[in-house]
Amino acid sequence: MSLKDAYSNYFKMGVAVNPIDILLPPAKALIKKEYNSITCENNMKPMFILDDEVNLADPAKYDLEPAVTFDNCKVFLDFAKKNNIPMRGHTLGWHNQTPLWFFHEGYDESKPLASRETMIARLQNYIKAVFEYINANYPNLIYAWDVFNEIVDEGSFRKSIWLDTIGEDFFIFAFEAARKYSLPGTQLFYNDYETAEPWKRDFICEKVLAPLMERGLVDGMGMQSHLTMDHPDLELYKFALEKYGALGLIIHATELDIHNADPSDESMQALADRYAELFSIYVDAKKNGTANVECVTFWNLLDEESWLTGFRKERSYPLLFWKGGQPKKAYQSVIDVASK
Ligand code: GLA
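Just so you know, the residues in each chain are numbered from 1, in the order the chain's sequence is written. The predicted origin of the model limits local features to residues at a pLDDT of at least 70 and limits the giving and counting of side-chain atom pairs to 80 or more, whereas totals for whole chains, interfaces and linings rest on all residues. Only hydrogens and water are set aside; all other atoms, that is, all heavy atoms of the structure, feed into the side-chain values.

Turning our eyes to something else, we now look at unusual backbone geometry. A cis amide bond links H90 with the next residue in sequence, T91, at an omega value of 0 degrees. Per the convention used, a helix needs a DSSP run of H or I reaching at least four residues, while a strand needs a run of E reaching at least two, with both numbered from the N terminus. Turning to its location among the elements, T91 is positioned in the loop between β3 (87–89) and α8 (116–137). Following H231, the chain continues into P232 via a peptide bond in cis, with omega recorded as -5 degrees. Its location among the elements puts P232 in the loop between β9 (226–228) and α12 (234–246). A positive phi angle, close to 50 degrees, is found at E194, a residue other than glycine. Of note, E194 is situated in the loop between β7 (187–192) and α11 (198–214). Under the scheme applied here, a residue whose accessible area is under 20% of the maximum for its type counts as buried, over 50% as exposed, and between as partly exposed, the area being computed with a 1.4 Å probe on protein chains only. By relative accessible area, which is 29% here, E194 ends up partly exposed.

Following this line, the structure appears as structure tokens:
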């Protein structure tokens, strides 16, 4: 049994991978056995694809058409292609992990921010260049893309450099380019965290998804799903899932983990129970037709490589595997939900 087999009637089971996973044979074997979707944890973000050296060496030449490189993510693309594992692309646009020079005149941080027109051209041509490379070299490998990540905060558009340079319609330009340059059938997602919070959920539906849907530019909603043991309330999570589902969009849980800093048996059983409750919500929504969940991606393979340990400043045990790849109680509880 494996996660992907257990859930084959429901949705894909995915995992975020880092460069070490792709090099170590035991990690590679675990990915191949358990998962049928992979996301690069970092290496497809703009800071890894925008070619610093080339752009900065001749800023005038690349001013509106930024140069890109796939040297930092080729190993992931090749692994996925060789093993027939579909990929999620993450992420074309983001305010984080994008070099600051990208937003300035002449790609020079000491100069003022570039104009709206310049930034729209850079954004759209960046996306065009990504798809030209992917379509030519890995056609149909990446089935879904996060086109923009985390543009909402505290019930409004996030104050970000994208907002400062282009204005509130910046994300529309990104989705427009993604639709135009991706191969037909490629699913385009909006992705965000805390998507169950009412102040975020409703703003996303009204101000992000609705305008994109009117223009036929979005296919899916990505609920990141970085949870803790008591947040969010899963009733609220279910409500949000169904609210996004009712829009007729595909739903992906894109970055699932449940922070838990206590590795005792009791605590790991509680983690297993919370995972079971969450997966019952996904499965029931799928069965009842209240949300078309098509993929659930865990954010990292093993507890020992979870980003949460750094982020929360305490050792976290949030996933289904630990100790180099041993399944935890949560692994079995997630499998059991599918076979009920
Ligand atoms: C956010 C981003 C991810 C990743 C995580 C932390 O959720 O979307 O790409 O950076 O934070 O690992």
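Let us keep going from here.
Let us now look at the state of the cysteines. Our working definition of a disulfide is a cysteine sulfur pair at a distance within 2.5 Å. Applying the stated rule across the entire model yields zero disulfides. C40 takes part in no disulfide bond, and the closest cysteine sulfur, belonging to C73, lies 6.0 Å away.

Another point: the site of the ligand. Residues are labelled near a given molecule or strand when at least one of their non-hydrogen atoms is within 4 Å of it. Inspection of the region around the ligand gives K45, H90, W94, Q97, N149, E150, Q224, H226, E255, W299 and W307 as its neighbouring residues. All accessible-area figures derive from a Shrake-Rupley calculation using a 1.4 Å probe, and residue coverage is judged against the displayed protein chains alone. Its free accessible area being 300 Å², the ligand has 88% of it covered by the protein chains. Using a grid of 1 Å spacing that covers the protein atoms alone, one calls a set of points a cavity when a 1.4 Å probe fits there but cannot get out, and a pocket when the set is open and has protein on both sides within 12 Å along at least five of seven lines; lining residues are those with an atom within 4 Å of a point. Should more than half of a molecule's atoms lie within 2 Å of a pocket's or cavity's grid points, that molecule is taken to sit in it. Judged by the proximity of its atoms to the pocket grid, the ligand belongs to the largest pocket.

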